Amino acid sequence: GAGVSQSPRYKVAKRGQDVALRCDPISGHVSLFWYQQALGQGPEFLTYFQNEAQLDKSGLPSDRFFAERPEGSVSTLKIQRTQQEDSAVYLCASRTGIQETQYFGPGTRLLVL
Amino acid sequence: GENVEQHPSTLSVQEGDSAVIKCTYSDSASNYFPWYKQELGKRPQLIIDIRSNVGEKKDQRIAVTLNKTAKHFSLHITETQPEDSAVYFCAASIKEAGTALIFGKGTTLSVSS
């Protein structure tokens, strides 16, 4: 079946612009995670949803980062007033409510100039 | 919180040799340990995982071992092939739903023919 998809795959933003990154999880997956992967580093946790509820947002680096999943399926990560340090690959992952395996999307590579 | 250390950061082997990547974790509550392979510009893909009630798991040329007492786990790749070249990440989490994966910084494996 279809895996996790993300769009756009690449985004170039000028410093100060707002961006919105989309994640389509695997159909039926209850849990959805956002991670940030800086160049040459492992993914770092940003936030977690169970269905439409955002249960953990402890990894969001600042209040400029906002995520939602209003209908418990598609999720959007929004970054307001982007800064150069926001440049990274943003990965989305989903899993069922039972099995532990997280399936990753291809990521959105964000470059802030 | 959990912290995962991964070594080495780079590993170069000849085709047919074995490769070993080691990780340590800090939180004794962690009970799920996946390994992901990430090729350049691609999504992380799960290659093998182990749960804390198991000491070793094998899948063809790949094996993972876990020492809960020492909080160590390792990835072993035998008979390496050029297509094994990639970045490998270990991770740790608590397998109940809602717990993020905590990743190591990655190991860049290069297999030369």
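Before reading further, recall that the structure is shown in the block above.
The paragraphs below set out a description of the structure included in this document. For clarity, every value in this text was computed on a predicted model and none was experimentally measured. (Residues numbered from 1 in each chain as written. Chains lettered and ligands numbered in written order. Predicted model: local features only at pLDDT ≥ 70, side-chain atom pairs only at ≥ 80, totals over all residues. Heavy atoms only, no water.)

**Re the nonpolar core**
At step 1: Grouped together as the largest cluster of nonpolar side chains are 23 residues, with contacts concentrated most on B:Trp35, B:Phe73, B:Leu75 and B:Leu109.
At step 2: Other than its neighbours up to four places away in sequence, B:Phe73 contacts B:Ile21, B:Lys22, B:Cys23, B:Tyr25, B:Phe33, B:Trp35, B:Thr65, B:Leu66, B:Cys90 and B:Ala91.
At step 3: In terms of nonpolar packing, the next biggest core, distinct from the first, is built from 20 residues, A:Val19, A:Trp34, A:Phe49 and A:Leu60 among them. (Core = buried A, V, L, I, M, F, W, Y, C linked by side-chain atoms within 4.5 Å. Buried < 20%, exposed > 50% of the residue type's maximum accessible area, 1.4 Å probe, protein only. Contact = heavy atoms within 4.5 Å.)

**A word on the state of the cysteines**
At step 1: Inspection of the entire model under this criterion finds 2 disulfides over all chains.
At step 2: The disulfide that involves A:Cys23 links it to A:Cys92, with 1.8 Å between the sulfurs. Judged by the torsion about the S-S bond (-60°), the A:Cys23/A:Cys92 disulfide is left-handed. Here the residue A:Cys23 occupies a position in strand β3 (residues 19-24), and A:Cys92 occupies one in strand β9 (residues 88-95), the gap between them amounting to 69 residues.
At step 3: Through a disulfide, B:Cys23 is tied to B:Cys90; the S-S separation comes to 2.0 Å. Handedness here is read from the sign of the S-S torsion; for B:Cys23 and B:Cys90, about -100°, the answer is left-handed. Residue B:Cys23 is located in strand β3 (residues 19-25), and its partner B:Cys90 is located in strand β9 (residues 86-92); the two are separated by 67 residues in the primary sequence. The same class applies to B:Cys23 and to B:Cys90, which are both buried. (Disulfide = S-S within 2.5 Å. Helix = DSSP H or I, 4+ residues; strand = E, 2+ residues; numbered from the N terminus.)

**Thoughts on a nonpolar patch on the surface**
Residues and elements named next belong to chain A.
At step 1: On the surface, Val12, Leu111 and Leu113 cluster together into a nonpolar patch covering about 280 Å² of accessible area.
At step 2: The residue Val12 is located in strand β2 (residues 10-13) in this model.
At step 3: On the basis of relative accessible area, Val12 is assigned to the exposed category, the value being 52%. (Patch = residues over 30% accessible without salt bridge, like charges linked within 9 Å, V, L, I, M, F, W, Y side chains within 5 Å. Areas by Shrake-Rupley, 256 points an atom, 1.4 Å probe, with all protein chains shown as cover. Salt bridge = Lys/Arg side-chain N within 4 Å of Asp/Glu carboxyl O.)

**Comments concerning the pattern of salt bridges**
At step 1: The final tally for this structure, using the stated rule, is 8 salt bridges over all chains.
At step 2: A salt bridge links A:Asp24 to A:Arg22; the nearest nitrogen and oxygen atoms lie 2.7 Å apart.
At step 3: Among the salt bridges present, the one from A:Glu100 reaches B:Arg51, with a minimum N-O distance of 2.7 Å. Of this pair, A:Glu100 sits in the loop between β9 and β10 (103-104) while B:Arg51 is found in strand β5 (residues 45-51), placing the two residues in two different chains.
At step 4: On the basis of relative accessibility, which here comes to 11%, the residue A:Glu100 falls in the buried class.

**Quick notes on the environment of A:Gly105**
At step 1: Positionally, A:Gly105 belongs in the loop between β10 and β11 (108-112).
At step 2: In contact with A:Gly105, other than residues within four places in its own chain, are A:Val4, A:Gln6, A:Leu91, A:Cys92, B:Arg43 and B:Pro44.

**Details of the pairing of strand β5 (residues 44-50) of chain A**
All names here are of chain A.
At step 1: Across the 7 residues of β5, 5 count as buried, placing the element largely inside the fold.
At step 2: Of the strand pairs in this sheet, strand β4 (residues 31-37) and β5 are connected by 6 bridges, and their pairing is antiparallel. Across the sheet, residue Leu32 finds its bridge partner in β5, namely Phe49.
At step 3: The turn linking β4 back onto β5 is made up of 6 residues, and Gly40 within it adopts a positive phi angle of 75°.
At step 4: The sheet contact formed by β5 and strand β6 (residues 53-56) spans 3 bridges and is antiparallel. When the sheet's bridge partners are listed, Gln50 is paired in β6 with Ala53.
At step 5: Joining the antiparallel neighbours β5 and β6 is a turn of 2 residues, in which Asn51 adopts a positive phi near 55°. (Pairing = 2+ DSSP bridges.)

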